[in-house]
Amino acid sequence: MKESCLKFSDFQIRLISVNTAVVGSGAAGYSAADHLYRQGQRDILMLSEARTAGTSRNTGSDKQTYYKLTLSGHSPDSVFEMAETLFEGQCVDGDLALCEAALSVQCFFRLVELGVPFPCNRYGEYVGYKTDHDPRQRATSIGPYTSRKMTEVLENSVKEKQIPFLDHMQVVAVLRDSDNVRGLLCLNTDSTGQQDRYCVICCRNVIYATGGPAGMYADSAYPPSQFGASGIAFEAGVHGRNLTEWQYGMASLRPRWNVSGSYMQVLPRFISTDQDGNHPSEFLTDFFATPEEMLSAVFLKGYQWPFDVRKAIGESSLIDLLVYRERSAGRRVFLDYRSNPADGRFRFEDLSEEAFQYLNKSGCCFGTPYERLCHMNMPAVEFYREHGVDLARETLEIAICAQHNNGGLAVDAWWQTDLPGFFAVGEAAGTHGVYRPGGAALNAGQVGSLRAAQYIAAYRTEMPEPDTTFEALVQKSLRPLHCLAESALTNKDAPSASSRYHEAAVRMSASAAALRNPEAIASCIKAVGEELSTLPVSVSAEESGLLWVFRLRDMLICQNVYLQAYLNYCSSDHRSRGSALYSDPRGNLPHPALPETFRFSLEDEDPSGNLIQETVYCDGECRFVWRTPHPVPEEDDFFENVWRSYRENRNII
Ligand SMILES: Cc1cc2nc3c(=O)[nH]c(=O)nc-3n(C[C@H](O)[C@H](O)[C@H](O)COP(=O)(O)OP(=O)(O)OC[C@H]3O[C@@H](n4cnc5c(N)ncnc54)[C@H](O)[C@@H]3O)c2cc1C
């Protein structure tokens with residue numbers, strides 16, 4: 001790594017030249033830096049807008065899941081079969097699925113070696129359990145904070161290797177020439193003025209581990225410190241894939257936490273109020289014939305957590321739609337554990353067989369929802385108490401929240417994007433399709449970072465040159481961004497960039513989340529386009545708030561690309577699937593009392609559904625390509641042949 005300076009306007013900018021810059025300090029970013037070092041590439045720089053920010057370190061769930069090949073018992077499993085499971089999630093490339101299956105064991109055991117306490121039995125078998133969309137029992141967990149522990153052990157491993165780390169560096173632009181990535185423009189979020197405001201990275205490779213574009217949505221289960229940075233990657237010409245595919249589900253707003261598992265199985269009351277908390281209504285009761293029918297659906301939400309449009313008619317996902325409807329009518333929705341739903345006018349024995357058996361076996365057919373939760377899962381009660389919410393005394397505000405983006409930046413089987421030298425790993429990369437087994441996201445982050453590191457160490461080892469063309473590139477890219485910063489600093493009367501950010505996220509949650517209506521999406525695109533074009537004159541910031549100006553810029557680009565992808569999806573006559581309901585006047589209403597926008601038809605009924613949507617963004621407009629997924633490769637791997645080519649190039653081709 002070399003450091004020097006570069007003149008811009010009338011001040012000097014810090015310039016760092018390095019082989020590979022890894023952006024992001026989540027489980028995927030640390031994993032990438034660690035792998036790269038092990039693969040022999042020592043010229044690495046890690047940077048992050050905030051070392052302790054991001055999803056991996058700050059999120060969790062009842063039992064946060066990691067997915068890998070079966071490693072116990074006599075239940076048969078194979079790499080190919082696991083690849084097929086991933087592939088069956090729809091719109092998944094089979095070569096990527098095969099890599100994620102094949103390397104799941106290596107990546108899992110590395111985490112074990114580094115100190116993640118995944119449980120094994122007395123014979124050393126890593127026993128698993130069945131998660132959603134999993135035909136076997138491939139899932140494992142260390143409890144609510146699996147990804148946090150992963151991040152911590154990977155960070156320790158990186159620290160031991162003394163890999164340089166720049167904190168408080170927000171990437172604000174990706175530099176490229178016509179063929180390759182050339183570097184990054186960063187905002188030093190600790191800056192005191194223009195003399196130390198920017199930092200330029202000149203590099204041969206970027207591993208982009210910036211996580212999901214969480215900031216796009218206000219109703220969010222992501223930790224508040226996660227924003228994402230996919231917008232500026234699209235701006236640099238990196239393609240998007242399966243951008244329409246998200247997971248949305250019920251989560252509490254303060255703190256942000258999925259209300260899955262026991263939180264639903266103990267059958268809380270759902271109430272809505274006006275904005276001031278008055279005029280409470282137990283709104284679910286109007287939509288079910290009996291309290292028992294309603295509560296059986298609530299119970300199922302425990303393990304059918306993400307909104308799944310296939311379960312929207314008469315099944316558990318109707319609950320999500322009803323919560324969504326209340327909120328879009330301007331009401332607030334709360335879970336109340338203090339008293340029983342329907343004034344206690346239900347009999348446990350009359351719940352569905354599944355719900356009754358479960359509650360009966362757990363000894364939970366008694367008392368209030370709070371008492372049942374204490375009996376079934378005391379840590380679940382304590383979690384909220386530690387975060388300032390006493391479920392014995394108060395209600396818990398919820399919404400249908402964005403939780404994970406299955407799509408993202410398009411990558412090949414080495415997790416390289418179509419921009420040579422620019423690799424995307426972790427949630428920033430879109431390797432999943434419509435459905436994915438729970439835990440597959442954490443596995444994909446580990447596998448992708450290994451694949452990118454292998455490729456870089458094999459083929460992209462040169463030191464970059466900050467030559468005159470690079471300097472010209474910096475001048476050209478930085479000029480408009482610097483103007484934007486300077487005008488935000490002088491626009492004293494304009495709204496703050498952070499308030500504009502929040503408003504844009506609220507608009508997105510209201511118009512283009514789990515319920516997608518072409519007219520609402522189109523008007524959202526128009527609003528986002530106007531905001532982008534007037535950005536330089538419409539926001540204000542102090543020096544310490546400039547990070548919001550660039551965050552807002554990234555997020556608006558990102559919203560623009562995602563919204564255009566949603567609109568293209570509906571206008572290409574695709575129907576509802578996964579966690580999104582697209583309004584369709586030809587379809588069915590989930591309930592006769594719901595408004596027409598809830599009418600939908602299922603994509604599953606249409607065999608042309610298994611097509612991947614690729615998005616190319618250029619100057620505000622998107623182009624779309626639809627293609628069939630690559631099949632899972634089935635090569636005739638005769639050992640002697642694999643060995644020969646491995647000796648030549650380690651089969652990194
Ligand atoms: C509530 C919840 C529960 C989940 N449960 C599961 C589960 O059970 N199993 C599973 O597999 N997955 C689960 N996930 C998903 C999984 O946790 C994430 O996909 C994963 O942790 C993402 O890791 P990452 O390293 O890619 O990104 P993150 O951990 O989000 O890290 C991104 C990093 O990039 C940095 N960054 C972002 N933008 C910039 C920028 N412009 N400049 C510099 N740095 C930047 C951030 O500060 C952060 O350090 C869950 C997610 C949520 C929200």
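Reading the values: the criteria
- Along every chain, residues carry numbers that run from 1 in the direction the sequence is written.
- Local features in a predicted model are, by the rule used here, given only for residues with pLDDT of at least 70; side-chain atom pairs are given and counted only at 80 or more, and totals for whole chains, interfaces and linings are based on all residues.
- With hydrogens and water excluded, all non-hydrogen atoms of the structure serve as input to the side-chain values.
- A run of DSSP states H or I qualifies as a helix once it reaches four residues; a run of E qualifies as a strand once it reaches two. Both are numbered from the N-terminal end.
- Three labels apply to residues, based on accessible area from a 1.4 Å probe with only protein chains included: buried if under 20% of the type maximum, exposed if over 50%, partly exposed otherwise in between.
- Here, residues are in contact when the closest pair of their heavy atoms is within 4.5 Å.
- Strand pairing is assigned whenever DSSP identifies at least 2 bridges connecting the two strands.
- One less than the number of residues in a helix, times 1.5 Å, gives the span that helix is expected to have.
- Given a residue, its bend is the angle between the two axes fitted to the seven residues that end at it and to the seven that start from it.
- Comment: arc refers to directions from the helix axis out to C-beta atoms.
- The near set for a molecule or strand comprises every residue that places at least one heavy atom within 4 Å of it.
- Definition of a polar contact: a pair of N or O atoms within 3.5 Å, with one able to donate and the other able to accept a hydrogen when the atoms are protein atoms, and with sequence-neighbouring residues admitted only if both atoms are side-chain atoms.
- For the accessible areas, the method is Shrake-Rupley and the probe is 1.4 Å, while residue cover comes only from the protein chains on display.
- For the purpose of charge, His is not counted, nor are the chain termini; Lys and Arg are scored as positive and Asp and Glu as negative.
- Definition used for salt bridges: Asp or Glu carboxyl oxygen within 4 Å of a side-chain nitrogen of Lys or Arg.
- Ring geometry is summarised as follows: Phe, Tyr and Trp rings, the Trp one being its six-membered ring, pair when their centres sit within 6.5 Å, and such pairs are stacked at plane angles under 30 degrees, edge-to-face over 60 and tilted between the two.
- A ring is considered to have a charge above it if a Lys NZ or an Arg CZ atom is located within 6 Å of its centre and within 35 degrees of its normal.
- Grouping into patches uses exposed residues only, defined as over 30% relative accessible area, and leaves out salt-bridged ones; the cut-off is 9 Å for like charges and 5 Å for nonpolar side chains (Val, Leu, Ile, Met, Phe, Trp, Tyr).

Enquirer: Give a description of the side chain of arginine 500 that names residues and reports values.
Expert: For arginine 500, the position within the fold is in helix α16 (residues 497-511). On the basis of relative accessible area, arginine 500 is assigned to the buried category, the value being 14%. Excluding residues within four positions of it along the chain, arginine 500 makes contact with Pro495, Glu531, Ser538, Val539 and Leu552.

Enquirer: Can you tell me about the sheet that holds strand β20 (residues 612-618), naming the residues and giving the values?
Expert: Read from one edge of the open sheet, four strands run β16-β10-β20-β21, paired in antiparallel fashion. Looking along the sheet, the strands with just one partner apiece sit at the ends: β16 (408-409) and β21 (621-627). Direction of pairing for strand β10 (residues 240-241) relative to β16: antiparallel, over a ladder of two bridges. Across the sheet, the residue bridging to glycine 240 is leucine 409, located in β16.

Enquirer: Tell me about unusual backbone geometry, and please be specific about residues and values.
Expert: Omega for the peptide link from arginine 254 to proline 255 comes to -5°, which places this bond in the cis form. Structurally, the position occupied by proline 255 is in the loop between β11 (246-252) and β12 (257-258). A positive phi angle is found at tryptophan 415, which is not glycine, with a value near 60°. Residue tryptophan 415 is classed as buried on the basis of its relative accessible area, which comes to 1%.

Enquirer: Describe the environment of cysteine 364, naming the residues involved and giving the relevant values.
Expert: As for its position among the elements, cysteine 364 is in the loop between α11 (353-361) and α12 (369-376). Cysteine 364 gets classed as buried once you look at its relative accessible area, which sits at 0%. Residues cysteine 364 and histidine 375 lie eleven residues apart in sequence; the distance between their C-alpha atoms is 7.1 Å. If sequence neighbours within four positions are ignored, cysteine 364 has contacts with Phe348, Leu359, Arg372, His375 and Met376.

Enquirer: Break down helix α15 (residues 468-490) for me, with residues and values.
Expert: Along an α-helix, residues three or four positions apart point the same way, because every turn accommodates 3.6 residues. The terminal C-alpha atoms of α15, which comprises 23 residues, lie 32 Å apart, in line with the 33 Å expected from a rise of 1.5 Å per residue. At leucine 478, α15 is deflected by roughly 35°, the largest bend along its length, and proline proline 480 occurs up to four residues later in sequence. Along α15, the residues classified as buried are Phe470, Leu473, Val474, Gln475, Leu478, Leu481, His482, Leu484, Ala485, Ser487, Ala488 and Leu489.

Enquirer: Before we move on, could you go through α12 and cite the residues and values that matter?
Expert: Within α12, burial applies to Pro369, Tyr370, Arg372 and Leu373. End-on view of α12: buried residues confined to an arc of 160°, all on one side of the axis. Where α12 is buried, its residues touch α8 (262-265), β14 (332-336) and α13 (378-386).

Enquirer: Account for the site of the ligand, with residues named and values stated.
Expert: Among the 37 residues in the neighbourhood of the ligand, the closest are listed as Thr55, Ser56, Thr65, Glu427 and Leu442. Interatomic distance of 2.9 Å between a backbone N/O atom of leucine 442 and an oxygen atom of the ligand. Relative to its free-state accessible area of 1000 Å², the ligand is covered by the protein chains to the extent of 97%. Of all the secondary structure elements, the ones that give two or more residues to the shell around the ligand are α1 (27-38), α2 (55-58), β7 (169-176), β15 (396-405) and α14 (440-459).

Enquirer: Which residues make up the sheet that holds β15, and what values go with them?
Expert: What links the strands of a sheet is backbone hydrogen bonding, and the strands pair in either a parallel or an antiparallel sense. Spatially, the five strands line up as an open sheet ordered β12-β11-β15-β14-β13, and their pairing is antiparallel. Each edge of the open sheet carries a strand with a single partner, namely β12 and β13 (269-273). By the bridge criterion, five bridges tie β13 to β14 in an arrangement that is antiparallel. Among the inter-strand pairings, arginine 269 is bridged to a residue of β14, identified as aspartate 336.

Enquirer: Can you break down the side chain of arginine 451 residue by residue, with the values?
Expert: Considering the arrangement of structural elements, one finds arginine 451 in helix α14. The buried charged residue arginine 451 lacks any salt bridge, with aspartate 412 as its nearest oppositely charged partner at 7.4 Å. Within the structure, the side chain of arginine 451 is placed 2.8 Å from the backbone oxygen of alanine 413, a separation counted as a polar contact.

Enquirer: Describe the packing of aromatic side chains, with residues and values.
Expert: One pass over the structure, following the stated rule, counts 31 aromatic pairs. An angle of 80° between the planes, with centres 5.5 Å apart, marks the rings of phenylalanine 109 and tyrosine 126 as edge-to-face. Of the two residues, phenylalanine 109 sits in helix α5 (residues 104-114) while tyrosine 126 sits in the loop between α5 and β5 (139-141), which places them 17 residues apart along the sequence. Taking the relative accessible area as the measure of exposure, phenylalanine 109 reaches 31% and is therefore partly exposed. By relative accessible area, tyrosine 126 is classed as buried at 13%. Here tryptophan 257 and phenylalanine 383 contribute two aromatic rings whose centre-to-centre distance is 4.0 Å and whose plane-to-plane angle is 25°, an arrangement assigned as stacked. Here tryptophan 257, found in strand β12, pairs with phenylalanine 383, found in helix α13; they are 126 residues apart in sequence, far enough to count as distant. Judged by relative accessible area, tryptophan 257 falls into the buried class, the value being 6%. By relative accessible area, phenylalanine 383 is classed as buried at 9%. Following the ring pairs from residue to residue traces out a cluster consisting of Tyr217, Phe234, Trp246, Tyr248, Tyr562 and Tyr566. Here arginine 310 stacks its cationic end above the ring of tyrosine 435, 4.0 Å away from the centre of that ring.

Enquirer: Describe the environment of proline 268, with residues and values.
Expert: Mapped onto the secondary structure, proline 268 falls in the loop between α8 and β13. Proline 268 sits in the buried class, given a relative accessible area of 1%. A sequence separation of 70 residues divides proline 268 from arginine 338, and the C-alpha atoms of the two residues are 8.2 Å apart. Discounting chain neighbours no more than four positions away, the residues touching proline 268 are Tyr263, Val298, Leu335, Asp336, Tyr337, Pro341 and Pro369.

Enquirer: I'd love a proper account of a nonpolar patch on the surface, names of residues and values included.
Expert: A surface patch of nonpolar side chains, amounting to about 370 Å² of accessible area, comprises Phe639, Trp643 and Tyr646. Position of tyrosine 646 relative to the elements: it lies in helix α19 (residues 639-649). Take tyrosine 646: its relative accessible area is 43%, and that puts it in the partly exposed class.

Enquirer: So what about the pattern of salt bridges? Which residues, and what values?
Expert: For side chains bearing opposite charge, pairing can occur when the charged atoms are close. Applying the stated criterion across every chain yields a total of 43 salt bridges. One salt bridge connects arginine 51 with glutamate 155, and the closest N-O pair in it is separated by 2.7 Å. With arginine 51 in the loop between β3 (44-48) and α2 and glutamate 155 in helix α6 (residues 146-160), this pair connects stretches of sequence that are 104 residues apart. Note on glutamate 155: relative accessible area 5%, which makes it buried. Salt-bridge contacts for arginine 553 lead to glutamate 235; the nearest nitrogen and oxygen are separated by 2.3 Å. Residue arginine 553 is located in helix α18 (residues 546-571), and its partner glutamate 235 is located in helix α7 (residues 230-235); the two are separated by 318 residues in the primary sequence. On the basis of relative accessible area, glutamate 235 is assigned to the partly exposed category, the value being 35%. One network of salt bridges, in which partners are shared, links Asp219, Arg254, Arg327, Arg332 and Glu397.

Geometry only, nothing functional implied.
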